[in-house]
Amino acid sequence: MTEIPEAAPTPTEPTPEPAANDPISDPISDPISDPISDPISAAVAPGYRFEGPALELGGLMLDADDLSDVRIRIPLGMLNRHGLVAGATGTGKTKTLQLLAEQLSANGVPVFAADIKGDLSGISVPGEASDKLTARTASVGQEWTATGFPTEFYAIGGQGIGVPVRVTMSAFGPTLLAKVLGLNETQESSLGLVFYYCDKQGLPLLDLADLRAVLQYLTGDAAGKAELKTIGGLSPQTAGVILRELVAFEAQGADVFFGEPEFETKEFLRTAEDGRGIVSLLELPNLQDRPALFSTFLMWLLADLFHDLPEEGDLDKPKLVFFFDEAHLLFNDASDAFLDQIAQTVRLIRSKGVGVFFVTQSPTDVPDEVLGQLGSRIQHQLRAHTPNDAKALKATVNTYPNSAYDDLGEVITSLGIGEAVVTVMNERGAPTPVAWTRLRAPESLMDPAPAAEMEASVEASPLSTKYAEAIDRESARELLAKKLEEGARKAAEDARVKEMAREQKNERVTKKAEKPPEEEDGMVESVVKSRAFKDFMSTAAREIARGMFKSGRR
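Residues numbered from 1 in each chain as written. Predicted model: local features only at pLDDT ≥ 70, side-chain atom pairs only at ≥ 80, totals over all residues. Heavy atoms only, no water.

1. Section: the overall build of the chain
Quick note on the threshold: Secondary structure elements are taken from DSSP: a helix is a run of H or I of four residues or more, a strand is a run of E of two residues or more, and numbering for both begins at the N terminus. Three exposure classes are used, based on accessible area relative to the maximum for each residue type with a 1.4 Å probe and protein chains only: buried under 20%, partly exposed in between, and exposed over 50%. A contact between two residues is defined here by any heavy atoms of the two lying within 4.5 Å. Values of accessible area rely on a 1.4 Å probe in the Shrake-Rupley scheme; residue burial ignores everything except the protein chains shown.
Of regular secondary structure, the chain possesses 19 helices and 12 strands. When the 554 residues of the chain are sorted by exposure, 46% land in the buried category. For the chain, the proportion of contacts with a sequence separation of at least 24, taken over those separated by at least 6, is 75%. Split by element, the accessible area of the chain, about 28,600 Å² in all, is 53% carbon and sulfur.

Structure representation (structure tokens):
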């Protein structure tokens, strides 16, 4: 038998070292990679497989250095279930907001956001590529294309670059105004009585000057003080406190935020000609000294949307997503009535097709009544340098569903910039597994847009002609001025009538008193010397004598 020799072993070629930033070498973009080859991917991946359209958030991280090929997403139809973007300063919250806004716009969903620092204005301009950006997008399998998105710029009261946004004092209401003025609950209740009085008296409250005029009338005018007594529960002292706070508030320049034409919040629901949702950015450049005003003004916008929009039920995608930046300012020192109003608005506005995302530093900034209604959570790094920080971190971890990570608190404190711990609502409305995520990069400019381009956009906007010029029609201030003028005229007329009557009386007395003494003396003398008077006196003397001594004829 001929022996067949064993085949010589085929020499194995050495495997080349992966090149730096090579997308094929990265686990997230490697098609051969098995998503269930590790326990974290196996636990997380099934929760993010959605059938309908979804926003791409980024890639699942296994630890600080390794990524999997699991894509972390959020269903478009679940964005009206509200959400939270939280994290310490400088951890990437604004870029996350920009990333969400871009994809919402691309899916035909309008977006509203407050642009506090001006950073978001770059969403209107295509982004700029760089080596760092390319490396990041490659690591998460993102096909990045520089893109600008349709944007409308607004400015409260016209302070800044944007279409002016104003609200009448009546529409703003006593609850929100009390929050802005820092009033306690008793003073807030009293302010409500003032609004009620104006409504009953037909005194339109359009701006701060109107409300100030009403308070000055009730506390300073005699007729107003009398009317103040008819307003149950409103003391002159409390009215005086409210007036002083209002005057100080007006001195800060807040009067430009109130007036007409009143902004119609339906302007936020527009789409561009190409079908993309318009991103509405409200610039807030000079509000560092008035943070309560800006947050409360945003709450009015949200409440006005709730009031005007019809019930829609569950939609395939939201009609609007409203990003509430620096949300902690809204809840600081808020009264119970104010918190109740926020909780009710957030709870019910979902059925009107509006999703609300609160953007703040820590989840503990948001009251439990509101936090419990936020279906999606994107948590950037939290720091635990102080006992209060550690307490807040522990409270944050306790709000998350079970995690595949051994120590979620340690994960949250070790997150890098542009990384976040994510959980969202799946298409059935259940929470997805907690996912340590490296977020995708925005495709628009991650810096402020050039001021010249913003100004040109505002000038070309069809809304500029509608809202640019302030209107000052007759309102409470003018009506009270007329009332006071009429009262003063009537008082002057009454005083003139009384003065004329007094003068006429004095004239009659004067004429009587001015008869010449000589005439009176001559008349008396002539009467005394007359024969008739002498006969009368003689007869009178006899009659008196008879009466005194009981003598005379029977």
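2. A look at the nonpolar core
Stated formally: The definition of a nonpolar core used throughout is a set of buried Ala, Val, Leu, Ile, Met, Phe, Trp, Tyr and Cys residues joined through side-chain atoms within 4.5 Å.
Judged by nonpolar contacts, the single largest core of 138 residues is most densely connected at L211, V214, F323 and F358. The contact partners of F323, leaving out residues within four places of it in the chain, are L97, L100, L104, V111, F112, A113, A114, F357 and V359.

3. Quick notes on the sheet that holds strand β6 (residues 163–165)
Let me state the cut-off plainly: Pairing between two strands is assigned when DSSP locates at least 2 bridges connecting them. An axis is simply a line fitted to the C-alpha atoms; with a helix, the fit covers only the stretch in contact. Between two such axes, the angle follows the N-to-C directions and lies from 0 to 180 degrees.
Read from one edge to the other, the open sheet built from 12 strands follows the order β2-β1-β12-β11-β10-β3-β9-β8-β4-β7-β5-β6, with strand pairing classed as mixed. In this open sheet, the two strands that pair with only one neighbour each are β2 (67–75) and β6. Between one strand axis and the next, the sheet turns through 30° on average, direction left out of account. Taken together, the five bridges between strand β4 (residues 111–115) and strand β7 (residues 279–283) define a ladder with parallel strand orientation. Residue A114 lies in a different strand from β7, and its bridge partner there is L282.

4. Notes on the pairing of strand β3 (residues 83–86)
Side chains of β3 alternate between two faces, with G83 and V85 and L84 and A86 buried alike. Here four bridges tie β3 to strand β9 (residues 354–360), and the two strands are oriented parallel to one another. Bridge pairing in β9 places G83 opposite F357. As paired elements, β3 and strand β10 (residues 376–379) share four bridges and run parallel to each other. Within the sheet, the bridge partner assigned to L84 lies in β10 and is R377.

5. Brief notes about the packing of helix α5 (residues 185–201) against helix α6 (residues 208–220)
Quick reminder of the rule: Oblique is the label for every angle not falling under 35 degrees (roughly parallel), over 145 degrees (roughly antiparallel), or within 65 to 115 degrees (roughly perpendicular). For this scheme, ten residues count as nonpolar: Ala, Val, Leu, Ile, Met, Phe, Trp, Tyr, Cys and Pro. Four count as charged, namely Asp, Glu, Lys and Arg, and the remainder, Gly too, count as polar.
Close contact between α5 and α6 brings their axes to 11 Å; oriented N to C, the two are set at 95°. Taken together, α5 and α6 sit at an angle that is classed as roughly perpendicular. Across the interface between the two elements, L191, V194, F195, Y197 and C198 from α5 touch L211, V214, L215, Y217 and L218 from α6. Here the contact of α5 with α6 is composed, by residue class, of 10 nonpolar, no polar and no charged.

6. A closer look at the packing of aromatic side chains
Put simply, the test is: Two aromatic rings from Phe, Tyr or Trp, using only the six-membered ring of Trp, form a pair when their centres are within 6.5 Å; if the ring planes differ by under 30 degrees the pair is stacked, by over 60 it is edge-to-face, and anything between is tilted. Remark: a charge is flagged as sitting over a ring if the NZ atom of Lys or the CZ atom of Arg is within 6 Å of the ring centre and within 35 degrees of the ring normal.
Within this structure, the stated rule accounts for 15 aromatic pairs. For the ring pair Y154 and F263, a centre distance of 5.3 Å and an interplane angle of 75° mean the geometry is edge-to-face. Separated by 109 residues along the polypeptide, Y154 in strand β5 (residues 151–156) and F263 in the loop between α8 (236–251) and β7 bring together distant segments of the chain. Relative to F324, the ring of F322 has its centre 5.9 Å away and its plane inclined at 50°; by these criteria the two rings are tilted. With respect to burial, F322 and F324 carry one shared label: buried. Taken together, the aromatic side chains of F112, Y154, F263, F268, F322, F324, F331, F358 and Y467 make up a single cluster linked through ring pairs. Of note, R377 hangs over the ring of Y400, and the distance from its end group to the ring centre comes to 4.5 Å.

7. A closer look at the confidence of the model for the chain
Condition: Note on scores: pLDDT gives the predictor's confidence for each residue, bounded by 0 and 100.
When pLDDT is averaged along the chain, the result is 83, and 83% of the positions lie at 70 or above. Counting interchain partners and residues more than four positions distant, the pLDDT-below-50 stretch residues 1–35 has 28 contacts. For residues 541–554, every residue scores under 50 in pLDDT, and the model assigns this stretch three contacts once sequence neighbours within four places are set aside.

8. Brief notes about unusual backbone geometry
Omega for the bond connecting E260 with P261 falls within 30 degrees of zero, at 5°, which places this linkage in the cis form. Its location among the elements puts P261 in the loop between α8 and β7. Although it is not a glycine, E326 adopts a positive phi angle of roughly 50°. Note that E326 resides in the loop between β8 (320–324) and α10 (328–331).

9. Some remarks on the packing of helix α9 (residues 291–308) against helix α11 (residues 336–349)
When two helices pack together, their arrangement is given by the angle between the helix axes and the distance between those axes. Here is the rule we go by: Left-handed describes a crossing in which the near helix is turned anticlockwise from the far one by less than a right angle; the clockwise case is right-handed.
Two elements in contact, α9 and α11, have axes separated by 10 Å at closest approach and are oriented at 45°. The pairing of α9 with α11 is recorded here as oblique in orientation. Where α9 crosses over α11, the two elements pack in a sense that is left-handed. Here T296, M299, L302, A303, L305 and F306 of α9 lie close against α11, whose contacting residues are F338, Q341, I342, T345, L348 and I349.

10. Overview of the environment of F306
Within the element layout of this structure, F306 appears in helix α9. In sequence terms F306 and V346 are 40 residues apart; their C-alpha atoms lie 9.0 Å from each other.

11. A few points about a negative patch on the surface
Put simply, the rule reads: A patch consists of residues whose relative accessible area exceeds 30% and which take part in no salt bridge; residues with like charges are grouped when within 9 Å of each other, and nonpolar side chains (Val, Leu, Ile, Met, Phe, Trp, Tyr) when within 5 Å. By salt bridge we mean one thing: a side-chain nitrogen of Lys or Arg within 4 Å of a carboxyl oxygen of Asp or Glu. We score Asp and Glu as negative and Lys and Arg as positive, and we do not count His or the chain ends. In plain terms, the charge of a residue is placed at NZ if it is Lys, CZ if Arg, CG if Asp and CD if Glu.
Where like charges cluster on the molecular surface, the negative patch consists of E185, D336, D340, D368 and E369. Where the negative patch is concerned, the elements lending two or more residues are α11 and α12 (368–371). Considering the arrangement of structural elements, one finds E185 in helix α5. The partly exposed category is assigned to E185, whose relative accessible area is 48%.

12. Some details on the side chain of N426
Relative to the helices and strands, N426 resides in the loop between β11 (419–423) and β12 (435–439). Exposure remark for N426: the relative accessible area of 13% places this residue in the buried category. With residues near it in sequence (within four places) discarded, N426 still touches G47, F50, P75, M78 and T432.

13. Section: the environment of L329
Note that L329 resides in helix α10. You can call L329 buried: its relative accessible area is 19%. For L329 and L293, which are 36 residues apart along the polypeptide, the C-alpha to C-alpha distance reads 9.2 Å. Residue contacts for L329: discarding those within four places in its chain leaves K179, P291, F294 and S295.

14. Here we look at α8
What counts, and what does not: Given a helix with a known number of residues, its expected span is that number minus one, times 1.5 Å.
Here α8 is 16 residues long and its end C-alpha atoms lie 22 Å apart, about the 22 Å a rise of 1.5 Å per residue gives. The complete set of buried residues in α8 reads T238, A239, G240, I242, L243, L246, F249 and E250. On its buried face, α8 sits against α4 (169–181), α5, α6 and α9. After α8 finishes, the residue G253 shows a positive phi value of roughly 90°.

15. Some details on helix α13 (residues 387–398)
This is how it is decided: The directions considered for the arc run from the helix axis to the C-beta atoms.
Here α13 spans 17 Å end to end across 12 residues, near enough to the 16 Å set by a 1.5 Å rise per residue. Regarding α13, the residues found buried are A392, L393 and T396. Projection of α13 onto a plane perpendicular to its axis shows the buried side chains occupying an angular sector of 105°, all on one side. Facing away from the buried side of α13, by more than 90 degrees, are the exposed residues P387, K391, K394 and N398. For α13, the elements touching its buried residues are β10 and α14 (408–414).

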